[in-house]
Amino acid sequence: MNGHQNIEPICVRVNDAARMIGIGRTKLYELISAGELDTVKIGNATRVTTASLYGYVERRSKAI
């Protein structure tokens, strides 16, 4: 073992968040505005929490 662990990110860039759930940036910003996804501001950068992405997909899968 090399001592390095794979660390899952707890927040990701907007583009990456959109790609993770298969939607465009515009739709992602709509979900953020609607309170469906949580964001964190780090300086001027906006990041989307991966927990909220997983939670959103989980909620949507139950709604079908």
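Scroll up for the structure.
If you're wondering where the values come from, they're calculated on a predicted model, not measured in any experiment.

A. Looking closely at the pattern of salt bridges. By the definition in use, this model includes four salt bridges. For Arg19, the salt bridge is made with Asp16, and the minimal N-O distance between the two is 3.0 Å. Here the residue Arg19 and the residue Asp16 both occupy positions in helix α1 (residues 14–21), the gap between them amounting to three residues, near one helical turn. Classification of Asp16 as partly exposed rests on a relative accessible area of 30%. When the shortest N-O distance is used, the salt bridge between Glu30 and Lys27 registers 3.8 Å. Residue Glu30 and its partner Lys27 are both found in helix α2 (residues 25–33); the two are separated by three residues, about one turn of the helix.

B. Up close: the packing of α1 against α2. Contact geometry for α1 and α2: axes closest at 9 Å, N-to-C directions at 95°. Relative to α2, the element α1 lies roughly perpendicular. Along the contact surface, α1 presents Val14, Asn15, Ala17, Ala18 and Ile21, while α2 presents Arg25, Leu28, Tyr29 and Leu31. Residues belonging to the contact of α1 with α2 are distributed by class as follows: seven nonpolar, one polar and one charged.

C. Main features of the sheet that holds strand β2 (residues 39–42). In spatial order, the strands read β1-β3-β2; together these three strands make up an open sheet with antiparallel pairing. Each having just a single partner strand, β1 (11–13) and β2 make up the two edges of the open sheet. Geometrically, the sheet is characterised by an average inter-axis angle of 40° between neighbouring strands, direction not taken into account. The strands touched by α1 are β1 and β3 (45–49); relative to β1, the strand with the most contacts, the crossing angle is about 100°.

Parameters at a glance
Residues numbered from 1 in each chain as written. Predicted model: local features only at pLDDT ≥ 70, side-chain atom pairs only at ≥ 80, totals over all residues. Heavy atoms only, no water. Salt bridge = Lys/Arg side-chain N within 4 Å of Asp/Glu carboxyl O. Helix = DSSP H or I, 4+ residues; strand = E, 2+ residues; numbered from the N terminus. Buried < 20%, exposed > 50% of the residue type's maximum accessible area, 1.4 Å probe, protein only. Axes fitted to C-alpha atoms, helices over the stretch in contact; angles between N-to-C directions. Parallel < 35°, antiparallel > 145°, perpendicular 65-115°, else oblique. Contact = heavy atoms within 4.5 Å. Nonpolar A, V, L, I, M, F, W, Y, C, P; charged D, E, K, R; others polar. Pairing = 2+ DSSP bridges.

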